[in-house]
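Listed below, chain by chain, are the residues.
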Amino acid sequence: MAEVALRGVSKSYGNVDVIHDVSLDVGQGEFVVFVGPSGCGKSTLMRMIAGLEEVTRGDVLIGGERVNDTAARDRGVAMVFQNYALYPHMSVRDNMAFGLRNIGTPRPEIDSRIAKAAEILQLDRYLDRKPRAMSGGQRQRVAIGRAIVREPKVFLFDEPLSNLDANLRVQMRTEIARLHHRLDATMIYVTHDQTEAMTMADRIVVLRAGVIEQVGAPLDLYERPANMFVAGFLGAPKINFIKGRVAASQGNEILVELAGGTRLSALVRPGTANPGDAVTLGLRPEMLQIALDGPLPGRVEVVEQLGAVQLVYATLADGTTMVAELRDRRPPAVGADVRFALGPGIRHVFDARELSITLPEGDHQ
Amino acid sequence: MTAARTGWALWGDRLLLAITIIVAALWLLPVIWVVTMSLKPNAELMRSTWGFIPYPFTIENYTNLIQLATVPRWLVNSLIVAIGMTLLVLTVSSLAGYAFARLQFPFKRTIFALMIAGLMIPEQAVFLPLHQMFADWGIHNTHAALVMPRVAVPIGVFLMMQFFRAVPRELEEAAELDHASRFTIFFRIMLPLSVPALTTLGLFTFIHAWNDFLWPLVSATDADMYTVTVGLASIQGNFAMSEGLGSVMASAVFASLPIVLLFLIFQRFIVAGVAMSAGK
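Residues numbered from 1 in each chain as written. Chains lettered and ligands numbered in written order. Predicted model: local features only at pLDDT ≥ 70, side-chain atom pairs only at ≥ 80, totals over all residues.

Under the annotation held in an unreviewed UniProt entry, chain B carries the name sn-glycerol-3-phosphate transport system permease protein UgpE and is attributed to Rubellimicrobium rubrum. Check the Sequence similarities (unreviewed entry) section of the UniProt entry for chain B; it says "Belongs to the binding-protein-dependent transport system permease family." Database annotation for chain B, UniProt heading Subunit (unreviewed entry): "The complex is composed of two ATP-binding proteins (UgpC), two transmembrane proteins (UgpA and UgpE) and a solute-binding protein (UgpB)." (UniProt positions renumbered as here; feature names shortened; annotations may be inferred.)

Per an unreviewed UniProt entry, the recorded name for chain A is sn-glycerol-3-phosphate ABC transporter ATP-binding protein UgpC, and the organism is Rubellimicrobium rubrum. We quote the UniProt Sequence similarities (unreviewed entry) comment for chain A here in full: "Belongs to the ABC transporter superfamily."

Here it is as structure tokens:
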């Protein structure tokens, strides 16, 4: 196992820069998830660590050693691909053994490693099958098995669950998390699915347009997003953004006037918002409740009944669509005029540059 | 179970079947006619060549043909040329196809354009310089002279390139991470995967080589170096006069037999190959 470090890493294709000056430390045994929308550069970043893409500027270090000029095969990393990339003409056993044979590992050693991996991944019965005779989930397990037998310094997962159906995805998610605990291996995982990131990661790296937006533990990012992008990317259903203007400020507290004239108070870092400034409030759907005396009036457009919770989509006076996650078996009817109250919790505030100016929790008075 | 088709759909199917039968018969009848004539005595054929039933029946035409001393020699020549050409075409096409599909090298686009341009040059156009060149080297009347001009096949390279391009790149990247060198990747991953494409290309090459007539006719002037096609053509004139039509037909059937066998054994690959070259 080894730690991975990126030092000012950039990647350009001709004149197009896709990764901008990224620096990051991944600790030994850590599970780090790169998350971001399509085209944000998360896969490119991972491929640079793997050695499948050249680094334009900066350094990639694995186990403290600079590996920029080291061939992919000599970096000691194993990668699990989105489409599994199993060798179709080889049996499961041969797929796993291929890498070990190439470095001249003795036969008994290969057999014992395969047996161990097969046991961990419950593949014992399928070792002589060809990949085409297996289901998507089993193939993904073989791909993971192929990585395990190599005993790499670092495991890289490139959207490994994207091709699986929803049920299998949840199951494999748990399996990979369990595998991480069992192997205590350094793992870097790329996904566009915020749920995977939230549930699996020790730390999440949120990327946008080749730039790291924020790095932190899942709950830290959820509760203290650095900007609107991070706040919007993490959490399902998505956070509600409501535009407003600072009507008054006193110390940490500001009064935000929304388009419909509604005024809401919020706590911000001192000196970050002055009367007249445009701000955006971020309200998590689970913070919202329906109450007769709630400050936010809206009309219900759609109600989604999920059993345990209900998602109520409403339009506010200024036309903003908002979603509230209620725990009320009898949600309001479509077309009803309701008032939303803000329950306890953090109210996020973002300035005109979309950066968070929310007062950190510990500083609340 | 499929639902029974009724009404117009049923009549449409029947019409299609009828057309297919007519077209198949048009293709098949001359072949059956040739086979029938080859199994009739020459004396009988002097009276009438009509009829699709070989009666009176004889295999004399075939035994006469095989007894001709040079025929086995021509068969061997054809086999050497066809097998040699097939192996070399597969080697060159797969290596070049892989290079064009996956490797980066200087002037790649120019070289590729030149290769594709080769498709547009009719082979007859280069016969004279080719013949002169081989004459200068003194290699006419050798197997090498019959094989060499056909080893670089642009369409083969193109076919293999298209095939290799369709192989997911991740497969090679996975192999790269599995400590495989470029050669290991080519021989252990890409080549085994391309067996269907290689089989198709190999079959077409073999058939082409077996049926090839013009170049062997020009290059092989020594009767010992004739291929089956050239050899049989050389005796057909005499045969028709001295032995009769049955012998000529027997020689035609005889020359086609290996190809028919190949078709029967590998027809699955041939159909797949036609679909592959059309679908890309």
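Draft legend 1. Summary view of the overall build of chain A. Of the regular secondary structure elements, chain A holds eight helices and 20 strands. Counting only C-alpha atoms and orienting by the principal axes, one finds that chain A spans roughly 75 × 45 × 40 Å. Each of the 365 residues in chain A was classed as buried or not, and the buried ones make up 39%. If you take every contact in chain A between residues at least 6 apart in sequence, the share linking residues at least 24 apart comes to 65%. (Helix = DSSP H or I, 4+ residues; strand = E, 2+ residues; numbered from the N terminus. Buried ≥ 20, exposed ≤ 12 C-beta atoms within 10 Å, placed from the backbone. Contact = placed C-beta atoms within 7 Å.)

Draft legend 2. Structural detail: the overall build of chain B. Within chain B, the regular secondary structure consists of 14 helices and zero strands. When its helices and strands are written in sequence order, chain B yields α-α-α-α-α-α-α-α-α-α-α-α-α-α. Relative to the 2.2 N^0.38 estimate, which gives 19 Å for 280 residues, the radius of gyration of chain B is 24 Å and therefore markedly larger than a compact globule would have. Principal-axis analysis of the C-alpha atoms gives chain B an extent of 75 × 70 × 35 Å. Put simply, of all contacts in chain B between residues at least 6 apart along the chain, 75% involve residues at least 24 apart. (Rg over C-alpha atoms; globule rule 2.2 N^0.38 Å.)

Draft legend 3. Broad picture of unusual backbone geometry. Look at the link from Ala 236 of chain A to Pro 237 of chain A: it is a cis peptide, with omega at 0°. A cis amide bond, omega -5°, links Tyr 55 of chain B with the succeeding residue Pro 56 of chain B. Topologically, Pro 56 of chain B is positioned in the loop between helix H2 (42-47) and helix H3 (60-67). Of note, Glu 159 of chain A is a non-glycine position whose phi angle comes to about 45°, a positive value. Position of Glu 159 of chain A among the secondary structure elements: in the loop between strand S7 (154-158) and helix H5 (166-183).

Draft legend 4. The UniProt feature "domain: ABC transporter" (unreviewed entry) in chain A, seen in detail. Under the UniProt annotation, the feature "domain: ABC transporter" (unreviewed entry) is placed at residues 4-234 of chain A. Between the end C-alpha atoms of residues 4-234 of chain A there is a gap of 25 Å, over a span that is 37% helix and 26% strand.

Draft legend 5. Examining the UniProt feature "transmembrane region" (unreviewed entry) in chain B more closely. Residues and elements named next belong to chain B. Mapped onto this numbering, the UniProt entry gives "transmembrane region" (unreviewed entry) at residues 15-36, 74-99, 111-131, 143-164, 185-210 and 248-266. As a span, residues 143-164 carries 73% helix and 0% strand, and end to end its C-alpha atoms are 31 Å apart. Along residues 248-266 one finds 100% helix and 0% strand; the C-alpha atoms at either end are 28 Å apart.

Draft legend 6. Structural context of the interface of chain A and chain B. Listed per partner, the contact involves 17 residues of chain A and 14 residues of chain B. Going through the elements one at a time, strand S6 (77-80) and helix H2 (92-102) of chain A are the ones with two or more residues in the side of chain A that touches chain B. For the side of chain A that touches chain B, the per-class residue count stands at 12 nonpolar, four polar and one charged. (Nonpolar A, V, L, I, M, F, W, Y, C, P; charged D, E, K, R; others polar.)

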